[in-house]
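As a plain string of letters, each chain reads:
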Amino acid sequence: MKVVRVDQIIEEVARMCQEANYNLGQDVIDAFKNAYEAEQSVTGKDILQQLIENAQIAKNESVPMCQDTGFSVFFVELGQEVHVEGGGLEDAINEGVRKGYQEGYLRKSIVGHPLERQNTGDNTPAVIHIRVVPGDKLKITVAPKGGGSENMSAIKMLKPAQGVEGVKDFVVETVKEAGPNPCPPIIVGVGIGGTFEKAALLAKEALLRPVGEPSSDPYAADLEQELLELVNKLGIGPQGLGGKTTALAVHVNTHPAHIASLPVAVNINCHASRHKEIEF
Amino acid sequence: MTIKTPFTTEAAEKLRIGQRVLLNGKIYTGRDAAHKKLVELLENGEELPIELKDQIIYYVGPSPAKPDNVIGSAGPTTSGRMDIYAPKLMAQGLKGMIGKGKRTPEVIKAMKQTKAVYFAAVGGAAALISKRIKSCKIVAYPELGPEAIRELEVEDFPVIVVNDSLGGDLYEEGLKIYGAK
């Protein structure tokens, strides 16, 4: 039995919230550079250049790359041989968010009630997904999610007969409808199968993969490539001002489905595709 | 091209979609909750806490400033959420808006009627943009936190004209040029 103390979790979560917001992953920066080379629009190139500079400034000065420092979304893999000591795991994560957002000068963007809309003042509560897995490791991933791109996401329950064509149409339509709002170039997470809620989770989990890394499932990998070409043909471009780079990548995750169902979820991430993970 | 505020009708009328502009001088910040309050005051016939004539509003909710900085990261937020309020503010003389994302036909129509302009700043380029903000003070609604109205002094603040006073729309034009035929 491995013991992980809650004060360790609080410290690491606080640190990860800050690092995720200050340091854009090299995978995303490399994707910007590749897009810069391929982009034909002069305005589009200028914007991609600004995004590369912006990431550099944020990293050098330890300031958030975007003022929307996001809803703190956590994916936790809790080994069944891990004992969390000194308090509750979810409480510890929330305490880490509270500390990280306060000490890191991150914006607090959470309202405590969706209709009364009073800011909680500390960016809690986080959204936490916990999966119990074999072994004695505790893995925590944080993915701060901005409101602009989250708002452009969508889910649809297709009929099985609509098949892959129906999926493609829905993904392209969702990206088209989103247009400039989610801060393109975007990363598109697609979840296909499972149930209503599982599809949404698959789509969000797909965003955690390094940008452009193909799915290990050859069928999904081919679909990712095709979808990327389709969305980039839309012409939305960087910031929606026209161009070839609407998306940097499309990531598809699938799950077994009911004989009657074909759920599809599209979770859009802005170009600031932020995440950090730690393993205890 | 460089523009110095206040942003007059004459200056606004000269701009065309696609132009890259560097703004200099004072601009105000304001987003969802502040817009709601401003429009409520107008509906009650009360005075606004800021004079809107020839002014520019930047849709932003900055992150908190670190001790040595004037402001935190400060990129644009999605403008569409302000669409229901914007025409009422333009009727008060507001000449410019800065944000990201499309505006409704009603807002574009109001821009044509009042000779106002909508600029896009680069969404997410918040650390870079904050470098162009030289001073920042809260002038209304401090209780709204990131949504309070701030007066910013900006220097060479980079924006792109998306909707001009003639009704042009760069988002539509961009799709026409780069979209699949």
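Everything discussed here concerns the structure shown above.
Values in this document were obtained by computation on a predicted structure and should not be read as measured data.

(A) Structural context of the overall build of chain A. Within chain A, the regular secondary structure consists of eight helices and ten strands. For 280 residues, the compact-globule formula gives about 19 Å, and the C-alpha radius of gyration of chain A, at 19 Å, lands near that figure. Along the three orthogonal principal directions, the C-alpha set of chain A runs to about 55 × 50 × 40 Å. Put simply, chain A has 280 residues, and 55% of those count as buried. A separation threshold of at least 6 residues defines the contact pool for chain A, and within that pool the share at least 24 residues apart is 81%. Summing over all exposed atoms, chain A offers an accessible surface of approximately 11,900 Å²; the carbon and sulfur share of this is 51%.

(B) View of the sheet that holds strand β2 (residues 71-79) of chain A. Residues and elements named next belong to chain A. Strand order in this open sheet of four strands is β4-β2-β5-β10, and the pairing throughout is mixed. Looking at strand neighbours, the two that pair on one side only are β4 (127-133) and β10 (276-279), the edges of this open sheet. Looking at each pair of strands side by side, their axes are set apart by 15° on average, direction ignored. As paired elements, β2 and β4 share seven bridges and run parallel to each other. Residue pairing for β4: Phe75 is matched across the bridge by His129. Packing of helix α1 (residues 6-22) onto the sheet brings it into contact with β2, β5 (138-145) and β10, and relative to β5 it is tilted by some 40°. Sheet contacts for helix α4 (residues 89-103): β2, β4 and β5; angle to β2, the most-contacted strand, approximately 140°.

(C) Region of interest: the pairing of strand β9 (residues 262-269) of chain A. Residues and elements named next belong to chain A. When you tally the buried positions in β9, you get eight out of eight residues, the bulk of the element. Burial along β9 is two-sided: Leu262, Val264, Val266 and Ile268 facing one way and Pro263, Ala265, Asn267 and Asn269 facing the other are all buried. Two elements, strand β7 (residues 186-194) and β9, share six bridges in a ladder whose sense is antiparallel. Across the sheet, Gly189 pairs through a bridge with Asn267, a residue of β9.

(D) How the structure looks around the pattern of salt bridges. Applying the stated criterion across every chain yields a total of 27 salt bridges over all chains. With its nearest N and O atoms 2.6 Å apart, the salt bridge here joins Arg98 of chain A to Glu95 of chain A. Here Arg98 of chain A and its partner Glu95 of chain A are both found in helix α4, three residues apart, which amounts to about one turn of the helix. Relative accessible area serves as the criterion here: at 31%, Glu95 of chain A is assigned to the partly exposed category. Here Glu173 of chain B makes a salt bridge to Lys176 of chain B, at a shortest N to O gap of 3.2 Å. Of the two residues, Glu173 of chain B and Lys176 of chain B are both situated in helix α6 (residues 170-178); the distance of three residues between them amounts to about one turn of the helix. Judged by relative accessible area, which is 31%, Glu173 of chain B ranks as partly exposed. Owing to a relative accessible area of 56%, Lys176 of chain B belongs among the exposed residues under this scheme.

(E) Representation of the nonpolar core in the model. Ranked by size, the top nonpolar core spans 84 residues in total, and within it Leu23, Ile98, Phe119 and Phe157 of chain B carry the most contacts. Considering each element in turn, this core owes the most residues, eight residues, to strand β7 (residues 149-163) of chain B. When near neighbours in sequence (up to four residues on either side) are disregarded, Phe157 of chain B contacts Val21, Leu22, Leu23, Tyr58, Ile98, Ile129, Arg132 and Ile133 of chain B. The next biggest cluster of nonpolar side chains, apart from the first, holds 27 residues, and it includes Val76, Leu89, Ala92 and Ile278 of chain A.

(F) Main features of unusual backbone geometry. Cis geometry marks the peptide bond from Thr124 of chain A to Pro125 of chain A; its omega dihedral reads 0°. Residue placement: Pro125 of chain A occurs in the loop between α4 and β4. Of the consecutive residues Thr5 of chain B and Pro6 of chain B, the connecting peptide bond is found in the cis state with omega at 0°. Position of Pro6 of chain B among the secondary structure elements: in the loop between β1 (2-4) and α1 (9-14). Phi at Cys183 of chain A is positive, roughly 60°, even though this residue is not glycine. Note on placement: Cys183 of chain A falls in the loop between α6 (163-178) and β7. At Lys115 of chain B, a position not held by glycine, the phi torsion is positive, near 60°. Structurally, Lys115 of chain B is set in the loop between α4 (105-114) and β5 (117-120).

(G) Structural context of a nonpolar patch on the surface. Side chains of Ile155, Met157 and Phe196 of chain A sit close together on the surface and give an oily, nonpolar patch of about 280 Å² of accessible area. Locating Ile155 of chain A in the fold gives a position in strand β6 (residues 154-158).

(H) Here's a closer look at the interface of chain B and chain A. The partner chain A presents 38 residues to the 38 residues of chain B that form the contact. Taking both sides of the interface into account, the surface hidden between chain B and chain A amounts to around 3,200 Å²; carbon and sulfur atoms contribute 59%. Across the chain B-chain A interface, the total number found is two salt bridges. Linking Arg20 of chain B and Asp46 of chain A is a salt bridge whose minimum nitrogen-to-oxygen distance equals 2.9 Å. At the junction of chain B and chain A, the tally comes to 17 residue pairs in polar contact (both at pLDDT 80 or more). Only α5 (126-130), β7 and α6 of chain B provide two or more residues apiece to the side of chain B that touches chain A. Of the residues forming the side of chain B that touches chain A, the biggest block, five residues, is contributed by α6 of chain B. Residues belonging to the side of chain B that touches chain A are distributed by class as follows: 20 nonpolar, twelve polar and six charged.

Parameters and conventions
Along each chain, the written sequence defines residue order, and numbers are assigned to residues from 1. Just so you know, chain letters begin at A and ligand numbers begin at 1, following the order they were written in. In keeping with the predicted nature of the model, local features appear solely for residues at pLDDT of at least 70, side-chain atom pairs appear and are counted solely at 80 or more, and the whole-chain, interface and lining totals rest on all residues. With hydrogens and water stripped out, all remaining heavy atoms of the structure feed into the side-chain values. Numbering of helices and strands starts at the N terminus; helices are DSSP runs of H or I of at least 4 residues and strands are runs of E of at least 2. Each radius of gyration is computed over the set of C-alpha atoms, and the globule rule expresses the reference value as 2.2 Å times the number of residues to the power 0.38. Burial status follows relative accessibility: with a 1.4 Å probe on protein chains alone, a residue under 20% of its type maximum counts as buried, one over 50% as exposed, and anything between as partly exposed. We call two residues in contact when some of their heavy atoms are within 4.5 Å. Per-residue and other accessible areas follow the Shrake-Rupley method at a 1.4 Å probe size, with only the shown protein chains counted as cover for residues. Two strands pair under a simple rule: DSSP has to find at least two bridges between them. Where helices are involved, their axes are fitted lines through C-alpha atoms of the stretch in contact, as for all axes, and angles between N-to-C directions lie from 0 to 180°. One side-chain nitrogen of Lys or Arg within 4 Å of one carboxyl oxygen of Asp or Glu is enough to make a salt bridge. Buried residues of nine kinds, namely Ala, Val, Leu, Ile, Met, Phe, Trp, Tyr and Cys, make up a nonpolar core once their side-chain atoms join them within 4.5 Å. To count toward a patch, a residue needs a relative accessible area over 30% and no salt bridge; like charges are then connected within 9 Å, while nonpolar side chains (Val, Leu, Ile, Met, Phe, Trp, Tyr) are connected within 5 Å. The term buried area denotes the loss of accessible surface (1.4 Å probe radius) that occurs when two parts are joined, taken as the sum for both partners. Each polar contact in these results corresponds to two N or O atoms within 3.5 Å; when the atoms are within protein, one needs to be able to donate a hydrogen and the other to accept it, and residues that are neighboring in sequence are counted only if both atoms are side-chain atoms. Note on residue categories: nonpolar means Ala, Val, Leu, Ile, Met, Phe, Trp, Tyr, Cys or Pro, charged means Asp, Glu, Lys or Arg, and polar means any other residue, Gly included.

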